[in-house]
Amino acid sequence: MVSIWDVALQELKASDNADKVTDRYILFAGASSCGKTTAILKFLARDEPTRPTIALEYTFARKSANMQNKLTGHIWELGGGTHLTKLVEVPINPDTLQHLTIAIVIDLSSPDKLWVTLEGLIKTTKERVDHIIKQLNKRDPNFSKTLKKATRHRLGLDKDNIVSKIYLNA
């Protein structure tokens, strides 16, 4: 079975920046007790009991890509649902933005809280990302274009496939 690390290594080898960027960042956010810690532990292939997340927790994992590079995954978990959203300023910053993935985990067993949590987290993270992009545009006026192009490439939207056609024509 192919692991997520194997896929990441293949992507790293295939990318133009194989010798440059070896750090990736992911922020898990969502309602309390919705499975963020469980997802992280599964991703890291750790068999540990889960415990409640206190504020903002950080962990990392390393994998050797080759003799020169180590692939490092920096993993942040925001606890408390929408109560501690101000803490997204720590993982979402100018140094991490280009290599950051935000995973919002929702709890389908609590539909009454789902939309409030989802909208609150999307709003907060979008505001923070927009703020960082404005900061970086002051340094480099082409930053937004470069980021959009890199994001489209990362998501496979720069290729001629059905997904990109649907997404671009929507």
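Residues numbered from 1 in each chain as written. Predicted model: local features only at pLDDT ≥ 70, side-chain atom pairs only at ≥ 80, totals over all residues. Heavy atoms only, no water.

> Give a detailed account of the packing of aromatic side chains, specifying residues and quantitative values.
Taken as a whole and judged by the stated rule, the model has two aromatic pairs. Plain terms: the ring middles of Tyr 58 and Phe 60 are 6.4 Å apart, the flat faces sit at 25° to each other, and that makes the pair stacked. On the basis of relative accessibility, which here comes to 39%, the residue Phe 60 falls in the partly exposed class. The interplanar angle of 50° and the centroid separation of 4.8 Å between the aromatic rings of Tyr 58 and Trp 76 together place this pair among those described as tilted. You can see Tyr 58 sitting in strand 2 (residues 56–64) and its partner Trp 76 sitting in strand 3 (residues 70–78), a full 18 residues away along the chain. With a relative accessible area of 39%, Tyr 58 lands in the partly exposed category. Counting every residue linked through ring pairs, the aromatic cluster contains Tyr 58, Phe 60 and Trp 76. (Phe/Tyr/Trp six-rings, centres within 6.5 Å; stacked < 30°, edge-to-face > 60°. Buried < 20%, exposed > 50% of the residue type's maximum accessible area, 1.4 Å probe, protein only. Helix = DSSP H or I, 4+ residues; strand = E, 2+ residues; numbered from the N terminus.)

> Account for the pattern of salt bridges, with residues named and values stated.
Counting across every chain of the model gives four salt bridges. Between Arg 51 and Glu 57 there is a salt bridge whose closest N-O contact spans 3.2 Å. When its relative accessible area of 54% is taken as the criterion, Arg 51 is described as exposed. Between Glu 89 and Lys 86 there is a salt bridge, and its shortest N-O distance comes to 3.0 Å. Using a relative accessible area of 63% as the deciding quantity, one classes Lys 86 as exposed. (Salt bridge = Lys/Arg side-chain N within 4 Å of Asp/Glu carboxyl O.)

> Quick one: what's the story with empty space enclosed by the protein, residue by residue and with numbers?
Taken as a whole, this structure holds one cavity of 30 Å³ or more when the rule is applied. Roughly 60 Å³ of volume is contained in the largest cavity. Looking at the largest cavity, the residues that line it are Ala 31, Val 105, Ile 106, Asp 107, Ser 110, Lys 113, Leu 114 and Thr 117. (1 Å grid on protein atoms, 1.4 Å probe; cavity = no way out; pocket = protein on both sides within 12 Å on 5 of 7 lines; lining within 4 Å. Points joined across faces, edges and corners; volume = space filled by probe spheres on them.)

> Tell me what's going on with the side chain of Thr 124, and back it up with residues and numbers.
Within the secondary structure, Thr 124 is located in helix 3 (residues 111–139). Those residues within four positions of Thr 124 in sequence are excluded, and the remaining contacts are Thr 85 and Val 88. (Contact = heavy atoms within 4.5 Å.)

> If you had to explain the sheet that holds strand 3 to someone new, which residues and values would you point to?
The pairing of strands in a sheet comes from backbone hydrogen bonds and takes either a parallel or an antiparallel form. The four strands are arranged 2-3-1-4 in an open sheet whose pairing can be described as mixed. Each of the sheet's edge strands pairs with one partner strand only, and the pair in question is strand 2 and strand 4 (100–105). Ignoring which end each strand starts from, the neighbouring axes of this sheet average 20° apart. With nine bridges connecting them, strand 2 and strand 3 associate as antiparallel partners. What sits directly across from Ala 61, in strand 3, is Gly 73. Relative to strand 3, helix 2 (residues 36–43) is tilted by about 165°, and along the sheet it contacts strand 1 (23–30), strand 2, strand 3 and strand 4. (Pairing = 2+ DSSP bridges. Axes fitted to C-alpha atoms, helices over the stretch in contact; angles between N-to-C directions.)

> Outline the confidence of the model for the chain, listing residues and values.
Of all residues in the chain, 81% have pLDDT values of 70 or greater, and the mean over the chain is 84. Within the chain, the lowest mean pLDDT, 55, falls on helix 5 (residues 162–169), and the highest, 94, falls on helix 3. (pLDDT = per-residue confidence, 0-100.)

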